[in-house]
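Single-letter residue listing:
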Amino acid sequence: MLDTARWTVLAPLLQAATAGPDLLDTTIRGLTPDAVAAEVLKEIGEHEVRLDLTFDGVTTSHLRPESDLVVALDLADAVRSLYAGRPWSSLAVSTPNPEVDDNGIGGWFAARKGVPQAVQGLLSALRPAREDLGELAVELGTDKWGDLHWYTQHYERHFARLRTEPVRVLEIGIGGYDDPDRGGGSLRMWERYFRRGLVHGLDIAHKNVAGPRIMTVRGDQSDAEFLDRLGRELGPFDVVIDDGSHLNDHVRTSFHALFPHVRSGGLYVVEDLQTAYWPSWGGHPGGTDGTSIGMLKSFVDGLNHSEVGDPRGAGSDLQRTISGISFHHNIAFVEKGTNAEEGGPVFLRTLY
Ligand SMILES: C[S@@+](CC[C@H](N)C(=O)[O-])C[C@H]1O[C@@H](n2cnc3c(N)ncnc32)[C@H](O)[C@@H]1O
């Protein structure tokens, strides 16, 4: 059962976070300010501060309504700042400000102990800093950097143009295998990296991984029918990453089932291509046909199909929709786009 209603509030909100004030206000009104405030609160977590959010002249208090540390903000400002890193125009902070007594300035600071940190903690949660992907990988416990693999440098480069977009991400392989309480490091990393992203994780094992913009799905990446349904109901995706079983058959099946559900301009990433050369994983030392790397290599020829067949021919669905491929050590990025350039004139093919 796929939770298709999960993003009813977040999907339009993340789209509208960079829109002009009128469109954002209309979106918040349509979703209801209460539902929008609930999403903001899930994202920022717990703080020992009162947070006042105002929309259409109505102010509601959240977090610690009884606290005398108060951060007040327009709800639309909170949305823009949280998801799009925009500056606040409405921020007001009020903190207890005791008179200086016999204990002097040292006593005054002591009386305010913890105030700046509490307020700063909330403000930095409301406007998260831009984070380095390699550092996020290490902090959140995915092996995409610094352990077995060195992938985040390639991800930084290929994902840069998508980072601030309202992307939908699907990663096959949540991690932790049979232990429901382990894994999820990379899903948490994508949630932090893509501030406007909705992050889906697929695993054959049940997983207790949660986050404000994370959804997990249980299923088998070798089941093409299931993947097609997942793509229709939760896609289209801007990014699909295959970090699942790494069995060559599975990698090929998943690609063919899910690539049609990647949005034009999006990317399909295959990790751990070393298994393409290992026979016990369904690979071959030559990386030939039938292996995952063999499939990816065939797409290189597909890019140039119009130079071999009909120069004006449309080519197959895959040839028409793969617009670029990048290979790095053990990882490949397949770009979805229009590959419709005409081939050169046929007479040139036999000129020499
Ligand atoms: C290498 S781990 C994923 C690590 C995670 N992506 C990260 O970077 O933190 C591989 C995961 O794929 C899952 N897996 C194995 N076979 C699968 C299949 N046929 N379909 C879906 N998931 C599978 C395993 O249960 C395991 O949790």
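Residues numbered from 1 in each chain as written. Predicted model: local features only at pLDDT ≥ 70, side-chain atom pairs only at ≥ 80, totals over all residues. Heavy atoms only, no water.

Peer 1: What is the right way to look at the environment of V346 in this model?
Peer 2: In this fold, V346 is placed in the segment after β11 (331-336). For the pair V346 and V308, spaced 38 residues apart in the sequence, the C-alpha separation amounts to 8.9 Å. (Helix = DSSP H or I, 4+ residues; strand = E, 2+ residues; numbered from the N terminus.)

Peer 1: Could you clarify how one ought to interpret the packing of helix α7 (residues 133-140) against helix α9 (residues 185-193) in this entry?
Peer 2: Any two packed helices are characterised by the angle at which their axes cross and by the distance between the axes. Packing of α7 against α9 leaves a shortest axis separation of 9 Å and a crossing angle of 140°. In this view, α7 runs oblique relative to α9, as classed from their interaxial angle. With respect to the hand of their crossing, α7 and α9 are arranged in right-handed fashion. Where α7 abuts α9, its residues L133, L136, A137, E139 and L140 lie against G185, R188, M189, W190, R192 and Y193. The residue makeup of the contact of α7 with α9, split by class, is seven nonpolar, one polar and three charged. (Axes fitted to C-alpha atoms, helices over the stretch in contact; angles between N-to-C directions. Parallel < 35°, antiparallel > 145°, perpendicular 65-115°, else oblique. Left-handed = near helix turned anticlockwise from the far one by under 90°. Contact = heavy atoms within 4.5 Å. Nonpolar A, V, L, I, M, F, W, Y, C, P; charged D, E, K, R; others polar.)

Peer 1: Before we go on, may I ask you to explain the domain arrangement of the chain in this structure?
Peer 2: By a widespread convention, an interface's size corresponds to the accessible area lost as its parts come together. We note that the domain assignment places domain 1 (10-126) and domain 2 (133-350) within the chain. Look at where the C-alpha atoms of domain 1 and domain 2 centre, and you get two points 38 Å apart. On the domain 2 side, the residues contacting the ten residues of domain 1 number eight residues. Overall, the association of domain 1 and domain 2 removes approximately 850 Å² of surface from exposure, summing both partners, and the carbon and sulfur fraction of that is 54%. Considering only the surface of domain 1 that becomes buried against domain 2, L14, E43 and Y83 emerge as the three largest contributors, covering 50% of it. In this assembly, domain 1 and domain 2 are joined by two salt bridges. Between R195 and E43 there is a salt bridge, with its nearest N and O atoms 3.5 Å apart. (Domains from an automatic or database assignment. Buried area = accessible area lost by both parts, 1.4 Å probe. Salt bridge = Lys/Arg side-chain N within 4 Å of Asp/Glu carboxyl O.)

Peer 1: Before we go on, may I ask you to explain the packing of aromatic side chains in this structure?
Peer 2: By convention here, two paired aromatic rings are described through the distance between centres and the angle between planes. By the definition in use, this model includes 16 aromatic pairs. Measuring from centroid to centroid gives 6.2 Å for W190 and Y193, while their planes differ by 80°, and the two rings are edge-to-face. Of this pair, W190 and Y193 both sit in helix α9, three residues apart, which is roughly one turn of that helix. Each member of the pair W190 and Y193 is classed as buried. Across from the ring centre of F259, 4.8 Å away, lies the NZ or CZ of K336, which sits over that ring. (Phe/Tyr/Trp six-rings, centres within 6.5 Å; stacked < 30°, edge-to-face > 60°. Buried < 20%, exposed > 50% of the residue type's maximum accessible area, 1.4 Å probe, protein only. Lys NZ or Arg CZ within 6 Å of the ring centre and 35° of its normal.)

Peer 1: I keep staring at the site of the ligand and nothing clicks. Help me out?
Peer 2: Taken together, 18 residues are adjacent to the ligand, and T142, E171, G173, D203 and D243 come closest. Between the ligand and the protein, one listed contact pairs an oxygen atom with a side-chain N or O atom of K144 at 3.3 Å. Between the ligand and E171, the relevant distance is 2.8 Å, taken from a nitrogen atom to a side-chain nitrogen or oxygen of the residue. In the complex, 90% of the free accessible area of the ligand, which totals 600 Å², lies under the protein chains. The site holding the ligand turns out to be the largest pocket. Per-class residue counts for the shell around the ligand are three nonpolar, ten polar and five charged. (Near = heavy atom within 4 Å. Polar contact = N/O pair within 3.5 Å; in protein donor to acceptor, adjacent residues only side chain to side chain. Areas by Shrake-Rupley, 256 points an atom, 1.4 Å probe, with all protein chains shown as cover. 1 Å grid on protein atoms, 1.4 Å probe; cavity = no way out; pocket = protein on both sides within 12 Å on 5 of 7 lines; lining within 4 Å. Sits in = over half its atoms within 2 Å of the grid points.)

Peer 1: I tried to follow the layout of surface pockets on my own but got confused; where do I start?
Peer 2: Picture a little ball the size of a water molecule; that probe, rolled over the atoms, points out where space is still empty. The space that makes up the largest pocket amounts to roughly 710 Å³. Lining of the largest pocket is provided by 34 residues; of these, G173, G175, Y177, D243 and G244 occupy positions nearest its centre. If you list the elements that add at least two residues to the lining of the largest pocket, you get α9 and β6 (198-203). Among the residues forming the lining of the largest pocket, the class breakdown is nine nonpolar, 17 polar and eight charged. Approximately 250 Å³ is the volume found for the second largest pocket. Looking at the lining of the second largest pocket, the elements with two or more residues in it are α4 (75-84) and α9. Take the lining of the second largest pocket: its biggest share by element is four residues, from α4. Partitioned by chemical class, the residues of the lining of the second largest pocket number six nonpolar, four polar and seven charged. Here the lining of the second largest pocket gathers at least three residues from each of two domains, domain 1 (10-126) and domain 2 (133-350). (Points joined across faces, edges and corners; volume = space filled by probe spheres on them.)

Peer 1: Explain the nonpolar core here, please?
Peer 2: The tendency in soluble globular proteins is for nonpolar side chains to be buried side by side. Counting 67 residues, the largest nonpolar core has I28, V79, L126, L230 and Y268 as the members making the most contacts within it. It is helix α6 (residues 115-126) that contributes the most residues to this core, seven residues altogether. When residues of this core are assigned to domains, at least three map to each of domain 1 (10-126) and domain 2 (133-350). Once residues lying within four places of it in the same chain are set aside, the contact partners of I28 are L13, P33, V36, F55, L75, A76 and V79. Of all hydrophobic cores here, the second largest spans 25 residues; its members include L140, L162, I174 and M189. (Core = buried A, V, L, I, M, F, W, Y, C linked by side-chain atoms within 4.5 Å.)

Peer 1: Would you mind going over the packing of helix α11 (residues 248-258) against helix α12 (residues 292-303) with me for this structure?
Peer 2: The geometry of α11 relative to α12 is characterised by a closest axis approach of 8 Å and an angle of 40° between their N-to-C directions. Between α11 and α12, the angle is such that the two are oblique. Counted together, N248, V251, R252, F255 and H256 of α11 and S292, M295 and F299 of α12 form the full contact between these two elements.

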